[in-house]
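Each chain is listed here by its residues.
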Amino acid sequence: MRDHNKLRAFELSDELVLLIYKITKHFPKEEVYGLTSQLRRAAVSVPSNIVEGCARKTDPEYKRFLDMAFGSLREVKYQFSLACRLGYVMNNVANECELKIIETEKVLAALIRSLR
């Protein structure tokens, strides 16, 4: 069993979740069951899948959950981009979140590659 707390990918994705929650708090009320909910769910799914993968006994299972985490991260990337284009996100916050998404993608992709 692996310790997810030792993974940089987990640390970054956890920080991303906190940032997404902070940002979506200011989305329009009519989006509470739409984009706000979708974006939060996708964001939480990233570290959750990393944690679940770490609990698996075999490398193929571990990699499968990391792949799911990466898929969720791509969802976050799209949904965040959409929120920006809809004008829901301030520019200064958008840049910080965008950089966090990119860094998380790079670190998670490198972790997945290391298992191949």
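Structural data are supplied above this passage.
The structure displayed is predicted, hence computed values, not measured ones. Along each chain, residue indices are assigned from 1 in the same order as the chain's sequence is written. This being a predicted model, a pLDDT of at least 70 is required before a residue's local features are given, and a value of 80 or more before pairs of side-chain atoms are given or counted; all residues contribute to the totals for chains, interfaces and linings. Hydrogen atoms and water are omitted, and side-chain values are computed over all heavy atoms in the structure.

## A short note on the packing of helix 1 (residues 8-24) against helix 2 (residues 35-54)
- Interaxial angles span 0 to 180 degrees and are taken between N-to-C directions of axes, which are lines fitted to C-alpha atoms, for helices over the stretch in contact. Numbering of helices and strands starts at the N terminus; helices are DSSP runs of H or I of at least 4 residues and strands are runs of E of at least 2. One can describe the packing of helix 1 onto helix 2 by two numbers: an axis separation of 9 Å at closest approach and a directional angle of 165°. Considering the angle they form, helix 1 stands roughly antiparallel to helix 2. Both helix 1 and helix 2 take part in a crossing whose hand is left-handed. In this structure, helix 1 contributes Ala 9, Phe 10, Ser 13, Asp 14, Val 17, Ile 20, Tyr 21 and Thr 24 to the contact, and helix 2 contributes Thr 36, Leu 39, Arg 40, Ala 43, Val 44, Val 46, Pro 47, Ile 50 and Val 51. Put simply, angles under 35 degrees are roughly parallel, angles over 145 are roughly antiparallel, angles from 65 to 115 are roughly perpendicular, and the rest are oblique. By definition, any crossing whose near helix is turned counterclockwise from its far helix by less than a right angle is left-handed, and any crossing with a clockwise turn is right-handed. Contact definition: two residues touch when any of their heavy atoms are within 4.5 Å.

## Let's talk about helix 3 (residues 59-85)
- Spanning 27 residues, helix 3 covers 39 Å between terminal C-alpha atoms, matching the ideal 39 Å at 1.5 Å per step.
- For helix 3, the complete set of buried residues consists of Tyr 62, Lys 63, Phe 65, Leu 66, Ala 69, Ser 72, Leu 73, Val 76, Gln 79, Phe 80 and Ala 83.
- Residue Gly 87 follows helix 3 closely and has a positive phi angle near 85°. Take the number of residues in a helix, subtract one, and multiply by 1.5 Å to get its expected span. Summary of the burial criterion: residues with accessible area below 20% of their type's maximum are buried, those above 50% are exposed, and those between are partly exposed, where the area comes from a 1.4 Å probe applied to protein chains only.

## Description of the packing of aromatic side chains
- Centres within 6.5 Å are what make two rings of Phe, Tyr or Trp a pair, Trp counting through its six-membered ring; a difference in plane orientation under 30 degrees is then read as stacked, over 60 as edge-to-face, and the rest as tilted. Inspection of the entire model under this criterion finds 1 aromatic pair.
- Considering the side-chain rings of Phe 27 and Tyr 88, the 5.3 Å spacing of their centres and the 50° angle between planes classify their relative orientation as tilted. Taken together, the residues Phe 27 in the loop between helix 1 and helix 2 and Tyr 88 in the loop between helix 3 and helix 4 (91-114) connect sequence positions 61 residues apart.
- Criterion for a charge above a ring: Arg CZ or Lys NZ at most 6 Å from the ring centre, at most 35 degrees from the ring normal. If you follow Arg 2 out to its NZ or CZ, it ends over the ring of Tyr 62, 3.9 Å from the centre.

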